[in-house]
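Structure at a glance
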Amino acid sequence: MNLSAATGSAAPASPDPAALQAFQDLLAGNRRFVEGDVQHPNQDESRRRALESGQAPFAMVLGCSDSRVPVELLFDQGLGDLFVARNAGHVLGRSMQASVEFAVEVLGVQVVLVLGHESCGAVGATVEAIQKGTTLPGEMPILVDQVKEHLDPADPTEQAVETHVLGTLTDLRSRSLIVREAEEKGSIVVAGAVYGLGDGGVRVISGPEA
Ligand SMILES: [Zn+2]
């Protein structure tokens, strides 16, 4: 099922073969992780030295800070492979959007992946805030308010994690001209996925594999 169409976000152009291959490479790394067949690539001294003069990561991941979702580990990647930006609940504030744009425009990544995960505390806190009217202290409402925008107020639990990933994708496409143009040109794959804490699998819910 194409959930990106269901949420009304932009129809992705057909990506360049190189961008599709980069997306496949990312998913292949996760399959190695799931199967316990990890290669731990690009983590030795020669790789460190080679990266001293610059980086050219192939994918950008916008994910949740949850300690159980370490991006390089679950995609079996190494130094210089992924440009990763995380905050609690992967909410798309301005600095997060700027980080995605830096990855696309300056570093030339070929994949932008929004990565949510099962049992996300930020999504759970938002569901509770909607249902019980609770308010978190400090600056934390900034996170909850942005997750809240994506959830159904009548039934915030309904597929909340997936709904929030798709909402973040829609926000990204609607707010960022850089991302939109790169996607329309076919130079990047933009996708959304949910990570399973127990099985370790990354399930694509919007994008070429969905
Ligand atoms: Zn989370």
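Residues numbered from 1 in each chain as written. Predicted model: local features only at pLDDT ≥ 70, side-chain atom pairs only at ≥ 80, totals over all residues. Heavy atoms only, no water.

1. Details of the sheet that holds strand 1 (residues 59-64)
- Taken in spatial order, the five strands make up an open sheet running 2-1-3-4-5, and their pairing is mixed. Two strands bound the open sheet, and with one partner strand each, they are strand 2 (82-87) and strand 5 (202-206). Pairwise comparison of adjacent strand axes, ignoring direction, gives a mean angle of 25 degrees for this sheet.
- Pairing of strand 1 with strand 2, which is carried by six bridges, proceeds in the parallel orientation. Bridged to Gly63 within strand 2 is Arg86.
- Its contacts with the sheet place helix 2 (residues 17-35) against strand 1, strand 2, strand 3 (111-117), strand 4 (189-195) and strand 5, and it is angled at close to 35 degrees to strand 3. (Pairing = 2+ DSSP bridges. Helix = DSSP H or I, 4+ residues; strand = E, 2+ residues; numbered from the N terminus. Axes fitted to C-alpha atoms, helices over the stretch in contact; angles between N-to-C directions. Contact = heavy atoms within 4.5 Å.)

2. A look at the coordination of the zinc ion
- For the zinc ion, the full set of protein donor atoms is Cys64 (SG), His117 (NE2) and Cys120 (SG), and the range of their distances to it is 2.0 to 2.3 Å.
- Here the donor residues of the zinc ion share one chain and are spaced in sequence as C-x52-H-x2-C. In this pair, Cys64 is assigned in strand 1 and His117 in strand 3, connecting sequence segments 53 residues apart.
- Its relative accessible area of 6% is what places Cys64 among the buried residues. (Donors = N, O, S within 2.8 Å, 3.2 Å for Na, K, Ca; no water. Buried < 20%, exposed > 50% of the residue type's maximum accessible area, 1.4 Å probe, protein only.)

3. Notes on the nonpolar core
- In terms of nonpolar packing, the biggest core is built from 33 residues, with Met60, Leu62, Val100, Val104, Val112, Val123 and Ile188 touching the most fellow members.
- Of all the secondary-structure elements, those providing two or more residues to this core are strand 1, strand 2, helix 5 (94-106), strand 3, helix 6 (121-132), helix 8 (160-175), helix 9 (177-185) and strand 4.
- Contacts of Met60, omitting those with residues within four sequence positions, involve Phe83, Ala85, Ser99, Val100, Ala103, Val109, Val111, Val112 and Leu113.
- Leu26, Val61, Leu115 and Ala191 belong to the second-largest nonpolar core, a separate cluster that totals 22 residues. (Core = buried A, V, L, I, M, F, W, Y, C linked by side-chain atoms within 4.5 Å.)

4. With respect to unusual backbone geometry
- Phi is positive for Asn42, close to 55 degrees, though the residue is something other than glycine.
- Mapped onto the secondary structure, Asn42 falls in the loop between helix 2 and helix 3 (45-50).
- Take Asn42: its relative accessible area is 30%, and that puts it in the partly exposed class.
- You will see that Ser119, though not glycine, has its phi angle at about 55 degrees, which is positive.
- Relative to the helices and strands, Ser119 is located in the loop between strand 3 and helix 6.

5. Considering the packing of helix 5 against helix 9
- Contact geometry for helix 5 and helix 9: axes closest at 9 Å, N-to-C directions at 40 degrees. Between helix 5 and helix 9, the angle falls in the class oblique. The way helix 5 lies across helix 9 gives a crossing that is left-handed. Of the residues in helix 9, those touching helix 5 at Val100, Glu101, Val104 and Glu105 are Leu177, Ile178, Val179 and Ala182. (Parallel < 35°, antiparallel > 145°, perpendicular 65-115°, else oblique. Left-handed = near helix turned anticlockwise from the far one by under 90°.)

6. Here's the deal with the packing of aromatic side chains
- The tally for this structure, following the rule as stated, stands at one aromatic pair.
- Between the aromatic rings of Phe83 and Phe102, the centroid separation amounts to 5.8 Å while the plane-to-plane angle is 45 degrees, which identifies the pairing as tilted. Separated by 19 residues along the polypeptide, Phe83 in strand 2 and Phe102 in helix 5 bring together distant segments of the chain.
- In this structure Phe83 comes out as buried when scored by relative accessible area, which is 17%. (Phe/Tyr/Trp six-rings, centres within 6.5 Å; stacked < 30°, edge-to-face > 60°.)

7. Points about the confidence of the model for the protein chain
- On average, residues of the protein chain carry a pLDDT of 94, and 94% of them reach 70 or more.
- Residue range residues 1-8 is modelled with pLDDT below 50. Its contacts to residues more than four positions away, or to other chains, number eight contacts. (pLDDT = per-residue confidence, 0-100.)

8. What about the pattern of salt bridges?
- For the structure on display, the rule yields eight salt bridges.
- Residues Arg32 and Asp76 are paired through a salt bridge, measuring 2.7 Å at the closest nitrogen-oxygen approach. Of this pair, Arg32 sits in helix 2 while Asp76 sits in the loop between helix 4 (71-74) and strand 2, placing them 44 residues apart in sequence. Assigned by exposure class, Arg32 and Asp76 land together as buried.
- A salt bridge links Arg49 to Glu45, with the nearest nitrogen and oxygen atoms 3.4 Å apart. (Salt bridge = Lys/Arg side-chain N within 4 Å of Asp/Glu carboxyl O.)

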